Amino acid sequence: MRKKIVAGNWKMNLTLGQAEQLINDILQAGLRLKEGQEVVLATPFPYLLKAKSLLKNTPGFYLAAQNSASEKSGAYTGEVSAEMLSSIGVDYVILGHSERREYFQESNATLAKKIDLALANNIKPIFCCGEPLEIRKAEKQNEYVAKQLEESLYHLTEEQLKNIVIAYEPIWAIGTGLTASAAQAQDMHAFIRAQIAAKYGREAALNITILYGGSAKPSNAGELFACPDVDGGLIGGASLVAADFQAIISHLG
Ligand SMILES: O=C(CO)COP(=O)(O)O
């Protein structure tokens, strides 16, 4: 069966001291994850090594970066390569977040390169997709997301796809307090799974984990995670508060 994941995307928040405190608070709750459930922490780059040592191989807990470079290595001042992340034991990398697409002009083609490098270095991409509000209003969200999947993922082999997690994050729901309704999330997740089935076959589609992201919080996570095609969440703001993050994880069931 496919994995269920709650991933916390800390974005550009917290000092090192606050980061340590948050990880310790999350671990102290002694969460008991069931088989096939994972918690992923996407900390800022400078805290990854510390986070790795604090997690101390706690079963079910994994580490993610929030981005990685589209080039292998070399004269790219300020960039962090997939190989570097791999060398410090990072498990996942968030790629294609709408904030990176918007503020750092990341195209679907650039993301395809980042995905290839992550996979080549044994890091699992959490590939984000999702439409802006005007596209949703025009009811063109399916075409929009289909194009993102096609241009960034469909060059992968079926074997490579097994290491991809998809996160559907409607842009109008990120950090706005507006959550997609459970029905809207389920519709899009079922659509994404059907697209994967059409390209890679039924088994690949059944096995791929599809997360929801966008103002997910303890009060709506239960309803969202109960949807048959929603396999967990990519959590922004609420992942910075240990009690909220724990409550969301507990909704994995
Ligand atoms: O962008 C997100 C996770 O990657 C969602 O952010 P919020 O949960 O703060 O809306």
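Every value quoted in this text rests on a predicted model; they were computed, and no experiment measured them.

### Some words on the side chain of Thr209
Argument step 1. If you trace the backbone, Thr209 turns up in strand β7 (residues 209-213).
Argument step 2. Of note is the side chain of Thr209, whose polar atom sits 2.8 Å from the backbone oxygen of Lys3.
Argument step 3. Ignoring anything within four residues of it in the chain, the contact list for Thr209 reads Arg2, Lys3, Ile5, Val165, Ile166 and Asp231.

### Overview of the site of the ligand
Argument step 1. Inspection of the region around the ligand gives Asn9, Lys11, His97, Glu169, Ala173, Ile174, Gly175, Gly214, Ser215, Leu234, Gly236 and Gly237 as its neighbouring residues.
Argument step 2. Between the ligand and Lys11, the relevant distance is 2.8 Å, taken from an oxygen atom to a side-chain nitrogen or oxygen of the residue.
Argument step 3. Between the ligand and Glu169 there is a distance of 2.9 Å, counted from an oxygen atom to a side-chain nitrogen or oxygen.
Argument step 4. Relative to its unbound accessible surface of 310 Å², the ligand loses 94% to contact with the protein.
Argument step 5. Tallied by class, the residues present in the shell around the ligand amount to 3 nonpolar, 7 polar and 2 charged.

### Description of the packing of helix α1 (residues 16-28) against helix α12 (residues 242-250)
Argument step 1. The geometry of α1 relative to α12 is characterised by a closest axis approach of 9 Å and an angle of 40° between their N-to-C directions. By the angle between their directions, the pair α1 and α12 is classed as oblique. In this structure, α1 meets α12 at a crossing whose hand is right-handed. When α1 is examined against α12, the residues Leu22, Asp25 and Ile26 are found in contact with a partner set consisting of Ala242, Phe245 and Gln246.
Argument step 2. Partitioning the contact of α1 with α12 into residue classes produces 4 nonpolar, 1 polar and 1 charged.

### Considering the UniProt feature "binding site: substrate" (unreviewed entry) in the protein
Argument step 1. Mapped onto this numbering, the UniProt entry annotates "binding site: substrate" (unreviewed entry) at Asn9, Trp10, Lys11, Gly175, Ser215, Gly236 and Gly237. The greatest C-alpha distance among the residues just named is 13.9 Å, despite their covering 229 residues of sequence, which places them together in space.
Argument step 2. Those residues within four positions of Asn9 in sequence are excluded, and the remaining contacts are Ala42, Gln66, Ile94, His97, Leu234, Ile235, Gly236 and Ser239.
Argument step 3. Polar contacts involving the side chain of Asn9 include one to the main-chain amide nitrogen of Lys11, which spans 3.0 Å.
Argument step 4. Relative to the assigned elements, Ser215 resides in the loop between β7 and α11 (218-225).
Argument step 5. Accessibility expressed as a relative area gives 16% for Ser215, which makes it buried.
Argument step 6. Once you skip the residues sitting within four places of it in the chain, Ser215 turns out to touch Ala173, Gly175, Thr176, Gly177, Leu178, Thr179 and Asn220.
Argument step 7. Within the structure, Ser215 has its side chain in polar contact with the backbone oxygen of Ala173 (distance 2.7 Å).

### Structural notes on the packing of aromatic side chains
Argument step 1. Per the counting criterion, the structure on display carries 3 aromatic pairs.
Argument step 2. Centre to centre, the rings of Tyr154 and Tyr200 are 6.0 Å apart; their planes meet at 80°, and the pair counts as edge-to-face. Placement of Tyr154 in the loop between α7 (141-153) and α8 (158-161) and of Tyr200 in helix α9 (residues 182-200) is noted, with a sequence separation of 46 residues between them.
Argument step 3. The ring of Phe104 carries the charged tip of Arg100 above its face, separated from the ring centre by 4.0 Å.
Argument step 4. Above the face of the Tyr92 ring, Lys124 is positioned so that its terminal group lies 5.2 Å from the ring centre.

### Brief notes about the sheet that holds strand β2 (residues 37-42)
Argument step 1. Spatial ordering of the closed barrel is given by β1-β2-β3-β4-β5-β6-β7-β8, a layout of 8 strands whose pairing is parallel. With strand direction ignored, the average angle separating the axes of adjacent strands in the sheet is 25°.
Argument step 2. Both β2 and strand β3 (residues 61-65) contribute to a ladder of 4 bridges, which runs parallel. Paired with Val39 across the two strands is Phe61, which belongs to β3.
Argument step 3. Across the face of the sheet, helix α2 (residues 48-55) comes into contact with β2 and β3 while running at roughly 175° to β3.

The rules we used
Residues numbered from 1 in each chain as written. Predicted model: local features only at pLDDT ≥ 70, side-chain atom pairs only at ≥ 80, totals over all residues. Heavy atoms only, no water. Helix = DSSP H or I, 4+ residues; strand = E, 2+ residues; numbered from the N terminus. Polar contact = N/O pair within 3.5 Å; in protein donor to acceptor, adjacent residues only side chain to side chain. Contact = heavy atoms within 4.5 Å. Near = heavy atom within 4 Å. Areas by Shrake-Rupley, 256 points an atom, 1.4 Å probe, with all protein chains shown as cover. Nonpolar A, V, L, I, M, F, W, Y, C, P; charged D, E, K, R; others polar. Axes fitted to C-alpha atoms, helices over the stretch in contact; angles between N-to-C directions. Parallel < 35°, antiparallel > 145°, perpendicular 65-115°, else oblique. Left-handed = near helix turned anticlockwise from the far one by under 90°. UniProt positions renumbered as here; feature names shortened; annotations may be inferred. Buried < 20%, exposed > 50% of the residue type's maximum accessible area, 1.4 Å probe, protein only. Phe/Tyr/Trp six-rings, centres within 6.5 Å; stacked < 30°, edge-to-face > 60°. Lys NZ or Arg CZ within 6 Å of the ring centre and 35° of its normal. Pairing = 2+ DSSP bridges.

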